[in-house]
Amino acid sequence: MNIKLNTTSIILAVFLFAYGSISYSQDASTGYRQLMKNSQYQEALDQLEQTLQTAYADRVLDKRIPTDFISVRQTEKNIDLEKLFTLRKAEPFFIEENPELFALHYNAGICARKLNEHDRALNHLSQSLRYRTLKPEEDHGVYYQISQTYKETGDTRAYHAALETAYELQPENYKYSLELGRSLAGTGYKKRAIYHLQRYVESMDTALDDNSIYLTLANLNSELGKYLETVKYYEKYLAAQPNDHHIHFALGTLCYTRTGNHQLALKSFDTALALLPEDDIYRRAKSLEYSGDIYTSDLKFKKAISYYMRTFNYQEKLRKDISRHESEITQLKKKINSIKASLLKNRNYNAYNDYEYAEEELAKKQLSLRLKQHELEKLNPGKVLWNMADAHEHLGQLDDALRWYRKALDMAYRPREARVKISKLQLKIQRGY
């Protein structure tokens, strides 16, 4: 059966000719099959290679006369090397249809692979294809075996090329697409990964055994800026894993910041707030902040204010945590100075372990403090204060608006605009309108 292979398959053929390939066998005349069945791969490989050596001993048609025979006869003759090179004939990859040699090489390759002798395995596997006409309905498994051998050697490019060929020979085997998609997801071939993973997902009539495939597709589409597709796969994932609070938060954030689907964003944030642990301050605070922003954009200022107030509660928790860390760091520094003074003054070397332990604890606390401070910065307290002031201003609650603008100014958030706002509000309050 004649088939057309694409560039990937041609490249693979070069790899195969250099390294190796694979095949099937119907030959049961020797005992290597039983040895393989019993996992005696070394004994089976020895038997197979001995059989191959015997078979090749009688195949001299393609062998060349050793160069020392030629050189003895032509030592005094001038040899036209350019002509010799030009007239040479390249040996074709396919030699003949020979099921016996095909089976011997193929099974030798399998045995070598089982023994982690990958170069030896690839050599046998490639040689097996020289004795077989390609049959797509059967040989897709051959190329799959090749791909796994290359995968074990760490040759990712050859692994992908062989697996792509297996897929081309039998597109109906969607597991090839699943493996390709997962492997390509970590490379620069994002679109190809999406194509294969989508093929696999769309082929399934029932629920997926591994719902992380939906997450992989969502992340790949997000990286390519295809946010509507990202939302689709997040929703598919959440339909199977409804209690994953992180993904509910991610979906809400995506809808708010990228797609403009405020209704789905609010639903996702409310679900996230119901599921998120209380100590996940960042996600809880941002869920409330973004919900407040959405209600503000919908001119529902009272609802926005209620969400912003809850946001401040989490910011205050974080500030208290930061203050506690700072206090503990101060106490640790005092303790370290005391131990250090004792070490230097009294040569109390027994206390050195206490000194080292205190230094380690100090380093941990300082790192934790920096993370907490960074987390507070990500909550944008100044921005939330400004939004709160703006919501009160829209409701005509000028005194409250003035108070929140002053707090935003204290945080140095948009200070120039805050001063202008404060001046105007003070004037309005004085005039009464």
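Attention here is on the structure that accompanies the text. It should be emphasised that the depicted structure is a prediction, and the values quoted were computed from it without experimental measurement.

Counting its regular elements, the protein chain contains 21 helices and 0 strands. Taken across its 433 residues, the protein chain has 41% of its residues classed as buried. On the protein chain, roughly 25500 Å² of surface is accessible, and the fraction owed to carbon and sulfur atoms is 50%.

One non-glycine residue with positive phi stands out, namely S39, at about 65°. Of note, S39 is situated in the loop between α2 (32-37) and α3 (41-57). Of note in this structure, N116 is not a glycine but carries a positive phi near 65°. Tracing the backbone shows N116 in the loop between α6 (99-114) and α7 (118-128). Look at N116 and you get exposed, because its relative accessible area is 56%.

As a further point, take the pattern of salt bridges. This structure, assessed with the given rule, holds 23 salt bridges. Across the salt bridge formed by K151 and E179, the nearest N and O atoms sit 4.0 Å from each other. One end of the pair, K151, is in helix α8 (residues 136-153); the other, E179, is in helix α10 (residues 174-184), with 28 residues separating them in the sequence. For E179, a relative accessible area of 17% puts it in the buried group. Residues R284 and E278 are paired through a salt bridge, measuring 3.7 Å at the closest nitrogen-oxygen approach. A residue is classified by how much of its surface remains accessible, and R284, at 8% relative accessible area, is buried. Taken together, the salt bridges that share partners define one network made up of D321, R324, E328, K365 and K372.

Definitions and limits used
Residues numbered from 1 in each chain as written. Predicted model: local features only at pLDDT ≥ 70, side-chain atom pairs only at ≥ 80, totals over all residues. Heavy atoms only, no water. Helix = DSSP H or I, 4+ residues; strand = E, 2+ residues; numbered from the N terminus. Buried < 20%, exposed > 50% of the residue type's maximum accessible area, 1.4 Å probe, protein only. Areas by Shrake-Rupley, 256 points an atom, 1.4 Å probe, with all protein chains shown as cover. Salt bridge = Lys/Arg side-chain N within 4 Å of Asp/Glu carboxyl O.

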